[in-house]
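Spelled out from the first residue to the last, the chains are:
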Amino acid sequence: MVTKTDFQKIVIEFNLTISEKHNTIEENDTTYAKLPGVNGFLVAWDETKKTIIVAQSVEKQKEVVFFYGADGYDEYEEARSKVEEMLKRAKEVQVETRIDTIETDFK
């Protein structure tokens, strides 16, 4: 079982930015954390379900990098490992995007 404290540990450890807390029915009282420079949320805390939600993948369209999809985790280590995996993948996609940009600049 995970707690909001577990979510906060992940946010602090990976230096993520907390976005506004939403209190609408559709948002299920969810707190989102983002990686600066990447669209979409990386990790979130669902207060209603007491679950850490982590993005499934990192995508790129043109020069925009964004997190896509989401899975819920009830175990801290699983959630932390997935966040770490998504961060590594996000960095790879950002580098690929920069290389693509540089290559097109010289054509």
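Everything here concerns the structure above.
The following paragraphs examine the structure supplied in this document. (Residues numbered from 1 in each chain as written. Predicted model: local features only at pLDDT ≥ 70, side-chain atom pairs only at ≥ 80, totals over all residues. Heavy atoms only, no water.)

A word on helix α1 (residues 4–13)
Every buried residue of α1 is listed here: Asp6, Phe7, Ile10 and Val11. Within α1, the buried residues cover an arc of 140° as seen down the axis, which keeps them to one side. Looking one or two places after α1, you find Asn15, whose phi comes out positive at around 55°. (Buried < 20%, exposed > 50% of the residue type's maximum accessible area, 1.4 Å probe, protein only. Helix = DSSP H or I, 4+ residues; strand = E, 2+ residues; numbered from the N terminus. Arc of directions from axis to C-beta.)

With respect to helix α2 (residues 76–105)
Look at α2: 43 Å from first C-alpha to last across 30 residues, which is about the 44 Å you get at 1.5 Å a residue. Every buried residue of α2 is listed here: Tyr76, Ala79, Arg80, Lys82, Val83, Met86, Leu87, Ala90, Val93, Gln94 and Thr97. Next to the buried residues of α2 lie α1, β3 (43–46), β4 (51–54), β5 (57–61), β6 (64–68) and β7 (71–73). (Expected span 1.5 Å × (residues − 1). Contact = heavy atoms within 4.5 Å.)

Digging into the pairing of β6
Note: β5 against β6, five bridges, orientation antiparallel. Among the inter-strand pairings, Ser57 is bridged to a residue of β6, identified as Tyr68. If you look at the hairpin formed by β5 and β6, you'll find two residues sitting between the two strands, and Lys62 has a positive phi there, around 55°. (Pairing = 2+ DSSP bridges.)

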